[in-house]
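# Structure assessment
Below, each chain spelled out in residue letters.
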Amino acid sequence: MVSALAGTGDAPPSSEMTIHAIGNTDARLISPRVHRDGRGAFARSWSADIFSAAGIDFTPVQGNVSFTRRRGVIRGMHFQRDPWPDAKIVRCSMGRIWDVIVDLRPGSEQFGQPQVRELSCESWVMLYVPPGFAHGFQTLTDHVIVEYLMGERYVPSAYDGFRYDDPAVAVRWPEPISSISASDLKWAPLAGRVSGFGSNDQ
Ligand SMILES: Cc1cn([C@H]2C[C@H](O)[C@@H](COP(=O)(O)OP(=O)(O)O[C@H]3O[C@H](C)C(=O)[C@H](O)[C@H]3O)O2)c(=O)[nH]c1=O
């Protein structure tokens, strides 16, 4: 017997996503309206109309997904250099992560200051990371899936990053570190390499 599910009616599009500022940055926390029923739940992960109404110029051109087996793993910090800075929507689709973004745009009010948020499958909350930010996360559980909608294509020659312990940014990681890729350990210091981090910004 197939049970009919109650409709959700025609709510205005803006009610499908609530967008919150993060500090004085143009990064945003996005809380989608979660439609729950006897089967489970449904929510939007992006909306051109809602983003446009919120003044966010973002159109996905690539989708990425990563699976991380163990708690305590750090992925990042990553960014793409100009002229291909990669804005992204980040969502944690399984488990929980300690998510970190850092504004690398010289002159911005929050330049070099880590902004951290816990993202989890249960919360459904997503993060909009503007172009010019670095992004990374540490897993807070085993078996983590993180999905991305990317505002820029992957350009290997522009793919860049910095170490989790770069003294110019001083990110706090909550868990004992269980694993970091060899490539993420090889990033050169930001000081003297990325505009705005002078050689004495230790
Ligand atoms: C980002 C990317 C990577 N790759 C290749 C490059 C490597 O051979 C392999 C794994 O890449 P990586 O070790 O950089 O994967 P993550 O450490 O999960 O990187 C991601 O995690 C941090 C937290 C992010 O914010 C970025 O979205 C992204 O950099 O996939 C691709 O083929 N296409 C891509 O778009």
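Residues numbered from 1 in each chain as written. Predicted model: local features only at pLDDT ≥ 70, side-chain atom pairs only at ≥ 80, totals over all residues. Heavy atoms only, no water.

As recorded in an unreviewed UniProt entry, the protein chain goes by dTDP-4-dehydrorhamnose 3,5-epimerase and comes from Sphingomonas natans. UniProt, in its Function (unreviewed entry) section for the protein chain, records the words "Catalyzes the epimerization of the C3' and C5'positions of dTDP-6-deoxy-D-xylo-4-hexulose, forming dTDP-6-deoxy-L-lyxo-4-hexulose." Regarding the protein chain, the UniProt comment filed under Catalytic activity (unreviewed entry) reads as follows: "dTDP-4-dehydro-6-deoxy-alpha-D-glucose = dTDP-4-dehydro-beta-L-rhamnose". (UniProt positions renumbered as here; feature names shortened; annotations may be inferred.)

### Focus: the site of the ligand
Around the ligand sit Q62, N64, R75, H78, K88, H135, G136, F137, Y148, Y154 and Y159, and those are all the residues in its vicinity. Measuring from an oxygen atom of the ligand, one finds a side-chain N or O atom of N64 at 3.4 Å. Between the ligand and the protein, one listed contact pairs an oxygen atom with a side-chain N or O atom of H78 at 2.6 Å. Relative to its unbound accessible area of 660 Å², the ligand is 66% covered by the protein chains. Residue contributions to the shell around the ligand peak at three residues, all from strand β11 (residues 133–139). (Near = heavy atom within 4 Å. Polar contact = N/O pair within 3.5 Å; in protein donor to acceptor, adjacent residues only side chain to side chain. Areas by Shrake-Rupley, 256 points an atom, 1.4 Å probe, with all protein chains shown as cover. Helix = DSSP H or I, 4+ residues; strand = E, 2+ residues; numbered from the N terminus.)

### Comments concerning the side chain of T68
Structurally, T68 can be placed in strand β5 (residues 62–68). Assessed through its relative accessible area of 4%, T68 is described here as buried. Contact partners of T68, with chain neighbours within four places excluded, come to V73, R75, F137, T139, D142, H143 and V144. (Buried < 20%, exposed > 50% of the residue type's maximum accessible area, 1.4 Å probe, protein only. Contact = heavy atoms within 4.5 Å.)

### Overview of the sheet that holds strand β9 (residues 114–120)
Strand order in the open sheet made by the five strands is β9-β8-β11-β6-β13, with antiparallel pairing throughout. The outermost strands of the open sheet, each flanked by one partner alone, are β9 and β13 (159–161). Direction aside, the axes of adjacent strands within the sheet are offset by 30° on average. Where strand β8 (residues 96–103) lies against β11, seven bridges are found, and the strand directions are antiparallel. (Pairing = 2+ DSSP bridges. Axes fitted to C-alpha atoms, helices over the stretch in contact; angles between N-to-C directions.)

### Some words on the environment of G76
Mapped onto the elements, G76 comes out in strand β6 (residues 74–80). Through-space distance from the C-alpha of G76 to that of F137 is 6.6 Å; in sequence the pair is 61 residues apart.

### Observations concerning the nonpolar core
In this structure, F162, V169, W173 and F197 are the most contacted members of the largest nonpolar core, which totals 20 residues. Those elements that provide at least two residues to this core are β6 and β8. Discounting residues that sit within four places of it in the chain, V169 has contacts with V102, G112, P114, F162, L190 and F197. One finds C92, L119, V129 and V144 within the second-largest nonpolar core, a separate group that totals 17 residues. (Core = buried A, V, L, I, M, F, W, Y, C linked by side-chain atoms within 4.5 Å.)

### Thoughts on the pattern of salt bridges
Within the structure shown, the criterion is met by eleven salt bridges. Note that R163 and D165 form a salt bridge whose closest N and O atoms lie 2.7 Å from each other. Residue R163 is classed as partly exposed on the basis of its relative accessible area, which comes to 24%. Residue class for D165 comes out partly exposed when judged on its relative accessible area of 36%. Counted as one network, the salt bridges with shared partners bring together D26, D103 and R105. (Salt bridge = Lys/Arg side-chain N within 4 Å of Asp/Glu carboxyl O.)

### Describing the sheet that holds strand β1 (residues 17–21)
The strands that make up a sheet are held in pairs by hydrogen bonds between backbone atoms, and each pair lies either parallel or antiparallel. Read across the sheet, six strands follow the order β1-β2-β10-β7-β12-β5 without closing on themselves; strand pairing throughout is antiparallel. Strands at the two margins of the open sheet, each flanked by one partner only, are β1 and β5. Going from strand to strand, the sheet's axes swing by 25° on average, the running direction of each strand aside.

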